[in-house]
Amino acid sequence: MNKNLERQKKIDQIFSSQAPAIDRLAEGYHYILGQHAEESGREIELLKALGDREQVVKEQIKHSLLQHVLSVFDDCYFRATGELWQPKPNDEPEVRDE
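Quick caveat, the model's predicted, so the values are computed rather than measured. (Residues numbered from 1 in each chain as written. Predicted model: local features only at pLDDT ≥ 70, side-chain atom pairs only at ≥ 80, totals over all residues. Heavy atoms only, no water.)

### Remarks on the side chain of serine 40
Heads up, the rule is: Secondary structure counts use DSSP, requiring at least four H or I residues in a row for a helix and at least two E residues in a row for a strand, with both numbered from the N terminus. The buried label goes to any residue with under 20% of its type's maximum accessible area, the exposed label to any with over 50%, and the partly exposed label to all in between, with areas taken from a 1.4 Å probe on protein chains only. Two N or O atoms count as a polar contact when they lie within 3.5 Å, although within protein this holds only if one can serve as hydrogen donor and the other as acceptor, and sequence-adjacent residues are included solely when both atoms are side-chain atoms. Contacts are assigned to residue pairs that have any heavy atoms within 4.5 Å of one another.
With respect to the helices, strands and loops of the structure, serine 40 is situated in helix α2 (residues 21-50). For serine 40, a relative accessible area of 1% puts it in the buried group. In terms of polar contacts, serine 40 uses its side chain to reach the side chain of glutamate 59, at 3.0 Å. Other than its neighbours up to four places away in sequence, serine 40 contacts Glu59, Lys62, His63 and Leu66.

And the structure:
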C-alpha cells in the first residue's frame, strides 16, 4: 500500500475512534508530527551522506522544532487533563532525539 494511503488510513482510524476527543486530538497530533519527525531524521542522514552541511543544519533545526512542538503539546495536554499523554500499546513509537 502507498505510504501516503497508509498514513491517511491511520489518521482516519484515529479520528473515527470512540476515544474522547482530547485523546483523539493527542494521538492524531503525535502521529502526524511523529511522521514528519521521522522524515526529517531520514533527510538528515541523507544530507550527511551527501556532505551538504548547510542543509543538514537547516534540517536539524526543523527536527528540533518538531520535537519542541511535541513537548509543548504534551505540557498543554497535562495541564488540561492532569495526566501525561501515553500512546496506546498498538501505536507506533514516536521519534525522540537521542
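Further notes follow.
### A look at the confidence of the model for the protein chain
We apply this condition: A score from 0 to 100, pLDDT tells how confident the predictor is in each residue.
In the predicted model, the protein chain carries a mean pLDDT of 89, and the fraction of residues at 70 or more is 90%. Within the protein chain, the element-level pLDDT minimum falls on helix α1 (residues 3-16), averaging 93, and the maximum on helix α3 (residues 53-81), averaging 96.

### Here's the deal with the packing of aromatic side chains
Put simply, the test is: Note on ring pairs: Phe, Tyr and Trp rings are taken, using the six-membered ring of Trp, and paired if centres are within 6.5 Å. Classes follow the plane angle, with under 30 degrees stacked, over 60 edge-to-face and the rest tilted.
Taken as a whole and judged by the stated rule, the model has one aromatic pair. Ring centres of tyrosine 29 and phenylalanine 73 lie 4.5 Å apart, and the angle between their planes is 20 degrees; on these two criteria the pair is classed as stacked. In this pair, tyrosine 29 sits in helix α2 while phenylalanine 73 sits in helix α3, placing the two residues 44 residues apart along the sequence.

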